[in-house]
Amino acid sequence: MAFEGCCGQLPKRQAKRVQAQLPANPNPPGGVKIIYVGSGYAEVPGKESGLTYFVADYRRHFKAHPSDVDSLINKRDFILEP
């Protein structure tokens, strides 16, 4: 038996990340590419368009309606895709 932890301890196991199925994001005409840089899951309502965006740390990229962009990037968890 090989020990790889400190002082003969067994190494800690990595937790399995379960990726839940997210609803599809809207694909608005003239959509602006946004990246979610937060952690976890979020349902984000568009302030102007009324659309709802579904993001998670395993699905970061989406297109936002142009009228929602300013309110999204004013939050710390969203940036414009270069």
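Residues numbered from 1 in each chain as written. Predicted model: local features only at pLDDT ≥ 70, side-chain atom pairs only at ≥ 80, totals over all residues. Heavy atoms only, no water.

Chemist: Please explain the overall build of the chain as it appears in this structure.
Modeler: Helix and strand counts for the chain come out as one helix and five strands. For the chain, the proportion of its 82 residues judged to be buried stands at 23%. When contacts within the chain are restricted to residue pairs at least 6 apart in sequence, long-range pairs at least 24 apart make up 55% of them. Carbon and sulfur atoms provide 52% of the accessible area of the chain, an area that totals close to 6,200 Å². (Helix = DSSP H or I, 4+ residues; strand = E, 2+ residues; numbered from the N terminus. Buried < 20%, exposed > 50% of the residue type's maximum accessible area, 1.4 Å probe, protein only. Contact = heavy atoms within 4.5 Å. Areas by Shrake-Rupley, 256 points an atom, 1.4 Å probe, with all protein chains shown as cover.)

Chemist: Just checking my understanding: could you explain the environment of Val 55 for this structure?
Modeler: The topology assignment puts Val 55 in strand β3 (residues 52-56). The exposure class of Val 55 is buried, given its relative accessible area of 0%. Separated by 17 residues in the primary sequence, Val 55 and Gly 38 have C-alpha atoms spaced 9.1 Å apart.

Chemist: For this particular structure, what's the right way to read the side chain of Asp 68?
Modeler: Here Asp 68 lies in the loop between β4 (61-64) and α1 (69-73). Here Asp 68 occupies a buried position and makes no salt bridge, while the nearest side chain of opposite charge, Lys 75, is found at 9.3 Å. Contacts of Asp 68, omitting those with residues within four sequence positions, involve Gly 46, Lys 47, Glu 48, Ser 49 and Tyr 53. (Lys, Arg positive; Asp, Glu negative; His and termini not counted. Salt bridge = Lys/Arg side-chain N within 4 Å of Asp/Glu carboxyl O.)

Chemist: Explain the nonpolar core here, please?
Modeler: A general trend in soluble globular proteins is that nonpolar side chains are found buried together. Ile 34, Tyr 36, Ala 42, Val 44, Tyr 53, Val 55, Phe 62, Ala 64, Val 69, Leu 72 and Phe 78 together form the largest nonpolar core, which totals 11 residues. Put simply, the parts of the chain that give this core at least two residues each are β1 (32-36), β2 (41-45), β3, β4 and α1. If near-sequence neighbours (up to four positions away) are discounted, Ala 64 is found in contact with Pro 28, Gly 31, Val 32, Ile 34, Tyr 53, Val 69 and Leu 72. (Core = buried A, V, L, I, M, F, W, Y, C linked by side-chain atoms within 4.5 Å.)

Chemist: I would appreciate a short explanation of the sheet that holds β4 in the present structure.
Modeler: The pairing of strands in a sheet happens through backbone hydrogen bonds and is either parallel or antiparallel. Taken in spatial order, the three strands of this open sheet run β4-β1-β5, and their pairing is antiparallel. Each edge of the open sheet is held by one strand with a lone partner, namely β4 and β5 (78-80). Within the sheet, the average angular offset between the axes of one strand and its neighbour, ignoring direction, is 40°. As defined by bridge partners, β1 adjoins β5 across three bridges and the pair is classed as antiparallel. Paired with Tyr 36 across the bridge in β5 is Phe 78. (Pairing = 2+ DSSP bridges. Axes fitted to C-alpha atoms, helices over the stretch in contact; angles between N-to-C directions.)

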